[in-house]
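So you can see what is in the structure, the chains are spelled out below.
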Amino acid sequence: MRKIIVAPSILAADFSRLADEIRRVEQAGADWIHCDIMDGHFVDNISFGPAIVDLVRKNTKLPVDVHLMIEHADHYVPRFVKAGANSITVHVEREANHDVEKTLHAIRDAGCRPGLSLNPATPFESVEPFLDKIELLLIMTVHPGFGGQSFRPEMMKKVKRAAEWNKSREHKIEIEVDGGINADTARLSIQNGANVLVAGTSIFRAKDYREAIEAIRGASL
Ligand code: DX5
Ligand code: ZN
């Protein structure tokens, strides 16, 4: 069994005391901090940019996992690297308007772990040509843009395909799920082969962050 990684998405945090929220999830046992970057073009919402990632970096020792839901990710990668990202995930869809292979190379050359993501409507086949060029595959379990949506169990087919791919390889990719993750959907995702669980609402809206994080992680038992 691979180590289960719980990555709280700060999109659901209280931004009026963001530094404190980050410290609290770190103390509560989070493994990574997930930052959702939205540009109002690739997705129908605008979140935050490198300045906030920089603030996150300064308030945690944990790896900072940046998820770019933006067009022309290649243009912005250096700014997120400079802000302190440890992994940067970009989207495979044509609407993301970039050369996926080049962007993945640029991320790796900058010393970050490259990741690739696909929307619920995007077939697994579209990421297959890139699997040996990435460190993590982020399978969206909701349509990206907003927190608090319901998990789509049909996405487990893609998780299974990624887990199958891993079986035949020495170099394994992290299989990350994002959207509608709570204790129940985390259990299902882990059963199907996911090992990185991103969760916004179910952690930051919980009374007890440690309990919420352990419920997601404990789902592996
Ligand atoms: C969705 C984002 C997710 C989101 C998850 O566009 O990529 O990371 O913040 O939020 P919850 O856990 O609330 O679905
Ligand atoms: Zn995300």
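Report on the accompanying structure. In this text, all values refer to a predicted model and were calculated from it rather than measured experimentally.

We now examine the overall build of the chain. Summing up its helical and strand segments, the chain has eight helices and eight strands in all. For 221 residues, the compact-globule estimate of 2.2 N^0.38 gives 17 Å, and the C-alpha radius of gyration of the chain, at 16 Å, lies within 12% of that figure. With the C-alpha coordinates of the chain rotated into their principal frame, the extents come out at 40 × 35 × 30 Å. Every one of the 221 residues in the chain was classed for burial, and the buried ones make up 54%. Within the chain, counting contacts between residues at least 6 apart in sequence, those at least 24 apart form 66% of the total. Distance from the positive charge centre (28 side chains) to the negative charge centre (31 side chains) of the chain: 3 Å.

Below, the discussion takes up the pairing of strand 7 (residues 174-178). The element strand 7 is extensively covered by neighbouring structure, given that five of its five residues are classed as buried. Burial along strand 7 is two-sided: the face carrying Glu 174, Glu 176 and Asp 178 and the face carrying Ile 175 and Val 177 are both buried. Note that strand 6 (residues 136-140) and strand 7 share five bridges and pair parallel. Each residue of the ladder has a partner; that of Leu 137, found in strand 7, is Ile 175. In the classification by handedness, the crossover that spans strand 6, the intervening helix 5 (residues 156-167) and the parallel strand 7 is right-handed. Here three bridges tie strand 7 to strand 8 (residues 196-199), and the two strands are oriented parallel to one another. Bridge assignment links Glu 176 to a residue of strand 8, and that residue is Val 196. For the crossover that starts at strand 7, traverses helix 6 (residues 183-192) and ends in the parallel strand 8, the hand is right-handed.

Turning next to the site of ligand 1. Looking at ligand 1, there are 20 residues lining it, with Asp 36, Gly 145, Asp 178, Gly 200 and Thr 201 nearest. Within the contact set of ligand 1, an oxygen atom lies 2.4 Å away from a side-chain nitrogen or oxygen of Thr 201. Only strand 2 (33-38), strand 3 (64-69) and strand 8 provide two or more residues apiece to the shell around ligand 1. Looking at the shell around ligand 1 element by element, the count peaks at three residues for strand 2. Across the shell around ligand 1, the residue classes tally to eight nonpolar, ten polar and two charged.

A few words on the coordination of the zinc ion (ligand 2). For the zinc ion (ligand 2), the full set of protein donor atoms is His 34 (NE2), Asp 36 (OD), His 67 (ND1) and Asp 178 (OD), at a range of 2.0 to 2.3 Å. For the zinc ion (ligand 2), the six donor atoms are set out with angles of 63 to 163 degrees between them, so the coordination reads as irregular. Summarised as a motif, the one-chain spacing of the donors to the zinc ion (ligand 2) is H-x1-D-x30-H-x110-D. Note that His 34 is positioned in strand 2 and His 67 in strand 3, a separation of 33 residues in sequence. Pair check on accessibility: His 34 and His 67 agree, each one buried.

Throughout the structure, instances matching the rule amount to two aromatic pairs. Seen from their ring centres, Phe 204 and Tyr 209 are 5.6 Å apart, and the 75 degrees between their planes marks the pair as edge-to-face. We note that Phe 204, like Tyr 209, is buried. Positioned over the ring face of Tyr 209 is Arg 24, at 4.1 Å from the centre of the ring.

Now for the sheet that holds strand 4 (residues 87-91). Read from one edge of the open sheet, eight strands run 1-8-7-6-5-4-3-2, paired in parallel fashion. Strands at the two margins of the open sheet, each flanked by one partner only, are strand 1 (5-8) and strand 2. Here the strands of the sheet are splayed against their neighbours by 25 degrees on average, with no regard to which way each runs. Sheet topology places strand 1 next to strand 8; four bridges connect them, and they run parallel. Within the sheet, the bridge partner assigned to Val 6 lies in strand 8 and is Leu 197.

Definitions and limits used
- Residues numbered from 1 in each chain as written.
- Chains lettered and ligands numbered in written order.
- Predicted model: local features only at pLDDT ≥ 70, side-chain atom pairs only at ≥ 80, totals over all residues.
- Heavy atoms only, no water.
- Helix = DSSP H or I, 4+ residues; strand = E, 2+ residues; numbered from the N terminus.
- Rg over C-alpha atoms; globule rule 2.2 N^0.38 Å.
- Buried < 20%, exposed > 50% of the residue type's maximum accessible area, 1.4 Å probe, protein only.
- Contact = heavy atoms within 4.5 Å.
- Lys, Arg positive; Asp, Glu negative; His and termini not counted.
- Charge placed at Lys NZ, Arg CZ, Asp CG, Glu CD.
- Pairing = 2+ DSSP bridges.
- Right-handed = clockwise from strand over helix to strand, strands pointing away.
- Near = heavy atom within 4 Å.
- Polar contact = N/O pair within 3.5 Å; in protein donor to acceptor, adjacent residues only side chain to side chain.
- Nonpolar A, V, L, I, M, F, W, Y, C, P; charged D, E, K, R; others polar.
- Donors = N, O, S within 2.8 Å, 3.2 Å for Na, K, Ca; no water.
- Tetrahedral: all angles 85-135°; square planar, octahedral: opposite > 155°, others 65-115°.
- Phe/Tyr/Trp six-rings, centres within 6.5 Å; stacked < 30°, edge-to-face > 60°.
- Lys NZ or Arg CZ within 6 Å of the ring centre and 35° of its normal.
- Axes fitted to C-alpha atoms, helices over the stretch in contact; angles between N-to-C directions.

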